[in-house]
Amino acid sequence: MVDVPKPAPAISSGSGEIFQILRDGRARTKAELAALTGLARSTVALRIDALLAVGLLRPAGEAVSTGGRPPARVAFNPRAGLVLAVDLGATHATVAVADLAGVILDARTRTIDIGDGPESLLDTLLADAAELLHTAADELPLFGVGIGVPGPVEHSTGRPTNPPIMPGWDRFDVPAYVQKVFDVPVLVDNDVNILALGEQATTWPDVDDLIFVKVSTGIGAGIIAGGQLQRGAQGSAGDMGHVQVPTGAGSAREPGDERDLEALASGSALAVALRAQGLEAHSASDVVDLVRAGNAAAIEATRQAGRDVGEVLATVVNLLNPSIIVLGGSIARAGEHLLAGVREVVYRRSIPLATQHLAIVQSQAGDRAAVLGAAIMVAREVLSPASVDRRVAAKAR
């Protein structure tokens, strides 16, 4: 599935612009495309021929004749090439190969330690990627690589910046390192951003305003507003884990407690709190195990974590007015307790107009949401009008 821009009539377009109309997968005739773009049929025919030559379009049979020879139709060819998608977590990594429509063709997941450093881990993952490409379709060209990492990223350069759980990765030039093996565009983003893209594509394709909140070892949010992923000026948009949680009437916290959300509600913070109560909890996964086992203290701590997340999200809802808030990450998957806490606070503290049609739900996209989001991120870039025009121009030379 691919994020498809809505075509506008009477546009001045090259091959790349015409191609955007066809990315929805619907077959069209040259006459239909001429009517949509306002271009002469001869111009459209030249653009279509160029897109057929580079393989981005394919013949799609004939339309119904209204007299004379039936007109030929063309459609997007998602198997014109492949993209690689990588979901890099603190303890796991998934590498997937997808077609240009974002369909995952094959994937491989392995246990890792992010602390092993960038060179060692990337070498391993690039070797996995090469094997997957060979198995999936060795003859197809690779268009690009998308990577999600568990920390903040300077989006313009693809370099992680001061990632707290990624020792040795600060300012490491991930795109340049990957391009030593695959000489294609390489895009790197925070993992929660690509999770937001994957969740939207699989579950909420018609929703333009969505916030994905990941509650796991850390806490972060991916923001889609007006149909576009919002990264902010330097790529730090959505870093809600470092927002100070307010204390109000009825709060169990002491006045003056200035801990941020991550220090209160992340899996790591919950493990610390439960360990102080004498429970065996050393990580987010231990917290999840306790919740699923029905431990009352772990369930109440998770519910309170939801309330704390809700305190921050209530402000976000008032500012951004999303249609959907999706909760993901290991703590959210432990049951309904985090979700219940978030709903309890957000619906009470946000303005009625903002919550009138707001749905707060658990993630439905599954384990492959992140690699799907990474594939979509790459497809948006390598199939953009400018990128397609460059590909057509290179073929013509």
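It should be noted that the structure appears before, not after, this text.
Residues numbered from 1 in each chain as written. Predicted model: local features only at pLDDT ≥ 70, side-chain atom pairs only at ≥ 80, totals over all residues. Heavy atoms only, no water.

1. Regarding the sheet that holds strand 5 (residues 92-99)
Piece 1. The mixed open sheet is built from five strands, whose spatial order is 6-5-4-7-10. Looking at strand neighbours, the two that pair on one side only are strand 6 (104-111) and strand 10 (186-190), the edges of this open sheet. Within this sheet the neighbouring strands show an average axis-to-axis angle of 15 degrees, counted without direction.
Piece 2. Relative to strand 5, strand 4 (residues 82-88) runs antiparallel, the two sharing seven bridges. If you follow Leu84 over to strand 5, its bridge partner there is Val97. (Pairing = 2+ DSSP bridges. Helix = DSSP H or I, 4+ residues; strand = E, 2+ residues; numbered from the N terminus. Axes fitted to C-alpha atoms, helices over the stretch in contact; angles between N-to-C directions.)

2. Some remarks on the packing of helix 8 (residues 267-276) against helix 9 (residues 284-292)
Piece 1. With their axes 7 Å apart at the nearest point, helix 8 and helix 9 run at an angle of 65 degrees to one another. Taken together, the axes of helix 8 and helix 9 are roughly perpendicular relative to one another. In the crossing of helix 8 with helix 9, the sense of the turn from one axis to the other is left-handed. On helix 9, the residues touching Gly267, Leu270, Ala271 and Leu274 of helix 8 are Ala284, Val287 and Leu290.
Piece 2. Tallied by class, the residues present in the contact of helix 8 with helix 9 amount to six nonpolar, one polar and no charged. (Parallel < 35°, antiparallel > 145°, perpendicular 65-115°, else oblique. Left-handed = near helix turned anticlockwise from the far one by under 90°. Contact = heavy atoms within 4.5 Å. Nonpolar A, V, L, I, M, F, W, Y, C, P; charged D, E, K, R; others polar.)

3. A look at the side chain of Asn193
Piece 1. Its place among the elements puts Asn193 in helix 6 (residues 191-203).
Piece 2. Side chain to side chain, Asn193 and Asp189 meet in a polar contact 2.9 Å long.
Piece 3. Apart from residues lying up to four places away in sequence, Asn193 is in contact with Ala221, Gly222, Ile223, Leu229 and Arg231. (Polar contact = N/O pair within 3.5 Å; in protein donor to acceptor, adjacent residues only side chain to side chain.)

4. As for the packing of aromatic side chains
Piece 1. Throughout the structure, instances matching the rule amount to three aromatic pairs.
Piece 2. Ring geometry for Phe19 versus Phe76: centroids 5.4 Å apart, planes at 80 degrees, classification edge-to-face. Of the two residues, Phe19 is situated in helix 1 (residues 15-22) and Phe76 in strand 3 (residues 72-76); the sequence distance between them amounts to 57 residues.
Piece 3. Between Trp169 and Phe172, the aromatic rings sit 6.4 Å apart at their centres with planes inclined by 70 degrees, giving edge-to-face as the arrangement. (Phe/Tyr/Trp six-rings, centres within 6.5 Å; stacked < 30°, edge-to-face > 60°.)

5. Notes on unusual backbone geometry
Piece 1. Even without being glycine, Arg171 reaches a positive phi, approximately 65 degrees.
Piece 2. For Asn321, which is not a glycine, the phi torsion comes out positive at approximately 50 degrees.
Piece 3. Mapped onto the elements of the fold, Asn321 is located in the loop between helix 10 (296-320) and strand 14 (324-328).
Piece 4. Overall, the relative accessible area of 42% leaves Asn321 in the partly exposed class. (Buried < 20%, exposed > 50% of the residue type's maximum accessible area, 1.4 Å probe, protein only.)

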